[in-house]
Amino acid sequence: MEKEVIKNLLQIQEIDKEIYQLEKIISDYPEEIKKLEKQKEEELKKLKEIDGRIKKLNMEKKNKELDIEELKEKIRKTEKALNNVKTNHEYRELLRQKALREKEILNLEDEVLNLMEKLEELEKEREELKKVVDSDIKKIDRVIEEKKKKLEEEKKRLEELRLKREELAKKIDEKSLNEYELLRKKTKNGIVIGVVDSDSDACPVCFMVLPPRLYSEILKNPDKIFRCPNCGRFLTSLEGD
Ligand SMILES: [Zn+2]
């Protein structure tokens, strides 16, 4: 392989690394946005929970008020009946009933007052909570906005890198490019070409110590490409850009 080919392949490798990272970042976005939307739902749930409690208390209050109305109606009927009583016994009985109902009403009115106090507290609590929830949601929305903006930027950058890669690929002969692609598919970390230098006699990809003769050959021939006997990656001593 010629010096130019190695240089171009090294550049392609750098681009591929970045493309790989960008693709991963981009594919993680939907999940991240989903998580943020979920956080928003959780915030709203807190409000819904307190709304549910308020609704329940209001219903309780309304039922008690209806009970009071019903008792008052009964008392009115008793009062009417009092005008037409025939016996003392009947008279006393009606008065007893009336008194019982009046007492019941007093109890119910106490309970209604109690409920109203509780409702007032809850309304205040809700107001405070709403402030917090609103501000939290605003923050989350801002983060979502930023993420979407960044996603667009990263997609654009990815597009640029792909174009750049295409241009570089045109400069490399098919055989070398095919070899590179084939090796790239086999590697997990995306490193196909390892750059060997005089500091270490190990393969920079798999870290196995290279046979001394191969190592000195690589250092002596920066224009040539070699293969690691252990991991099969290309090895060169040519400095990348
Ligand atoms: Zn190796």
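Quick note: structure is the one above.
Enquirer: What is the right way to read the overall build of the protein chain from this model?
Expert: A count of helical and extended segments in the protein chain gives 4 helices and 3 strands. Across the protein chain, helices and strands are ordered from the amino to the carboxyl terminus as α-α-α-β-α-β-β. Its C-alpha atoms give the protein chain a radius of gyration of 41 Å, clearly above 18 Å, the size a compact globule of 241 residues would have. The contacts of the protein chain with a sequence gap of at least 6 include a subset with a gap of at least 24, amounting to 72%.

Enquirer: Could you clarify how one ought to interpret the sheet that holds strand β2 (residues 226-227) in this entry?
Expert: Note on sheets: strands pair through backbone hydrogen bonds, and any given pair is parallel or antiparallel. Reading across from one edge, β1-β3-β2 is the order of the 3 strands in this open sheet, with mixed pairing throughout. Where the open sheet ends on each side, the last strands, each with one partner, are β1 (193-195) and β2. Here 2 bridges tie β2 to strand β3 (residues 234-236), and the two strands are oriented antiparallel to one another. The residue of β3 that forms the bridge with Arg227 is Phe234.

Enquirer: Would you mind showing me how to read the environment of Lys34 here?
Expert: Mapped onto the fold, Lys34 is located in helix α1 (residues 3-82). When the C-alpha atoms of Lys34 and Tyr20 are compared, they prove to be 23 Å apart, with 14 residues separating the residues in sequence.

Enquirer: Looking at this structure, I do not really get the environment of Glu125. What am I missing?
Expert: Looking at the element boundaries, Glu125 is found in helix α2 (residues 88-170). Using a count of 13 C-beta atoms within 10 Å as the deciding quantity, one classes Glu125 as partly exposed.

Enquirer: I'm lost on the environment of Lys170 in this one. Help?
Expert: Inspection of the secondary structure assignment puts Lys170 in helix α2. Look at Lys170 and you get exposed, because 9 C-beta atoms sit within 10 Å. Separated by 64 residues in sequence, Lys170 and Phe234 place their C-alpha atoms 20 Å apart.

Enquirer: Can you walk me through the nonpolar core in this structure?
Expert: Grouped burial of nonpolar side chains is what soluble globular proteins tend to show. With 17 residues, the main nonpolar core has Leu9, Cys203, Phe234 and Leu235 as its most contacted residues. Sorting elements by how many residues they give to this core places α1 first, with 3 residues. Not counting chain neighbours up to four residues away, the residues in contact with Leu9 comprise Ile172, Ser176, Tyr180 and Ile193.

How each quantity is defined
- Residues numbered from 1 in each chain as written.
- Predicted model: local features only at pLDDT ≥ 70, side-chain atom pairs only at ≥ 80, totals over all residues.
- Helix = DSSP H or I, 4+ residues; strand = E, 2+ residues; numbered from the N terminus.
- Rg over C-alpha atoms; globule rule 2.2 N^0.38 Å.
- Contact = placed C-beta atoms within 7 Å.
- Pairing = 2+ DSSP bridges.
- Buried ≥ 20, exposed ≤ 12 C-beta atoms within 10 Å, placed from the backbone.
- Core = buried A, V, L, I, M, F, W, Y, C linked by C-beta atoms within 7 Å.

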